[in-house]
Amino acid sequence: MPDEPRKTDAAASPNPAADPASGTAPRRPGLDLGPGVGVNVTQDMATPERKLPPAKVVLIVLGVLLVILAIYGFVGRAKPQGAGSVDNVSAVEVPNQNSMLVAITVTLHNSGEKPLWIHNIQGKLKTASQEYSDDAASAVDFDRYFQAFPALKQNAQAALMPETKILPGNDAHGTVIVSFPVNQDDFNKRQSLSVVIQPYDQPLPVVLTK
């Protein structure tokens, strides 16, 4: 049987770029979008992804942002509207009750730019082992306490009461009576004694400590 004619190289390799004899891998042609600039899809897809900024630059930017936020928080931090002082403390032990009655006379100054209205008043006692708090006694009970324990009346003034209004730049003076479940020795060894005054419409109370 006669030999069949051999196919030409062109027939075996219709795409010269894919000719094994060339020793190169086949290459897919780019997408031709017609005349003009055009876009080579093969080249675009083969381009490596964009790299992120160096880690050092990212850390510096984050550090600057943290500093700015810290400064903003410090400047914009809420502050108490008032200040003042604890002017006198008189305390008596209630017999057989392991309890102390304390009359604390204070001065409260309105350092804000608008009237200060007292919402509530508390006393706080901090000892070496614990902290105690008590709401201030009502003004109607003062006479009863003073009659039962005359020592409480020493240097006392009229009661400092909730709903008291203090105009900007003005002061209010008054006495607060509170009770704590400690004996005389624990009270004498206290770490601090405070009157906590919470105004209306204020995020922070005014704390007067002695």
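Quick notes on the rules
Residues numbered from 1 in each chain as written. Predicted model: local features only at pLDDT ≥ 70, side-chain atom pairs only at ≥ 80, totals over all residues. Heavy atoms only, no water. Core = buried A, V, L, I, M, F, W, Y, C linked by side-chain atoms within 4.5 Å. Buried < 20%, exposed > 50% of the residue type's maximum accessible area, 1.4 Å probe, protein only. Helix = DSSP H or I, 4+ residues; strand = E, 2+ residues; numbered from the N terminus. Contact = heavy atoms within 4.5 Å. Pairing = 2+ DSSP bridges. Axes fitted to C-alpha atoms, helices over the stretch in contact; angles between N-to-C directions. Patch = residues over 30% accessible without salt bridge, like charges linked within 9 Å, V, L, I, M, F, W, Y side chains within 5 Å. Areas by Shrake-Rupley, 256 points an atom, 1.4 Å probe, with all protein chains shown as cover. Salt bridge = Lys/Arg side-chain N within 4 Å of Asp/Glu carboxyl O.

Draft legend 1. Quick peek at the nonpolar core. Membership of the largest hydrophobic core comes to 24 residues, with the highest contact counts inside it found for Val102, Ile104, Leu160, Phe180 and Ile197. Of all elements in the fold, only strand 2 (99–110), strand 3 (116–126), strand 6 (171–180), strand 7 (192–199) and strand 8 (206–209) reach the threshold of two or more residues within this core. In this structure, Phe180 is in contact with Asn98, Ser99, Met100, Val102, Gly123, Lys124, Leu125, Tyr132, Ser133, Asp134 and Leu193, ignoring residues within four places of it in sequence.

Draft legend 2. Spatial organisation of the sheet that holds strand 1 (residues 82–94). The strand order across the open sheet built from three strands is 1-2-6, with neighbouring strands paired in antiparallel fashion. Two strands close off the open sheet at either side, each with one partner strand: strand 1 and strand 6. Mean inter-strand twist for the sheet, computed between neighbouring axes without regard to direction, equals 20°. Relative to strand 2, strand 1 runs antiparallel, the two being bridged by twelve bridges. Paired with Asn88 across the strands is Thr105, a residue of strand 2.

Draft legend 3. The arrangement of the environment of Val89 in detail. Note on placement: Val89 falls in strand 1. Val89 gets classed as partly exposed once you look at its relative accessible area, which sits at 26%. For Val89 and Val106, which are 17 residues apart along the polypeptide, the C-alpha to C-alpha distance reads 9.1 Å. For Val89, the residues in contact, after removing those within four places along its chain, are Val102, Ala103, Ile104, Phe187, Leu193 and Lys210.

Draft legend 4. Representation of a nonpolar patch on the surface in the model. Taken together, the side chains of Val57, Val58, Leu59, Ile60, Val61, Leu62, Val64, Leu65 and Ile68 make up a nonpolar region of the molecular surface, amounting to roughly 790 Å² of accessible area. As for its placement among the helices and strands, Ile60 is situated in helix 3 (residues 55–75).

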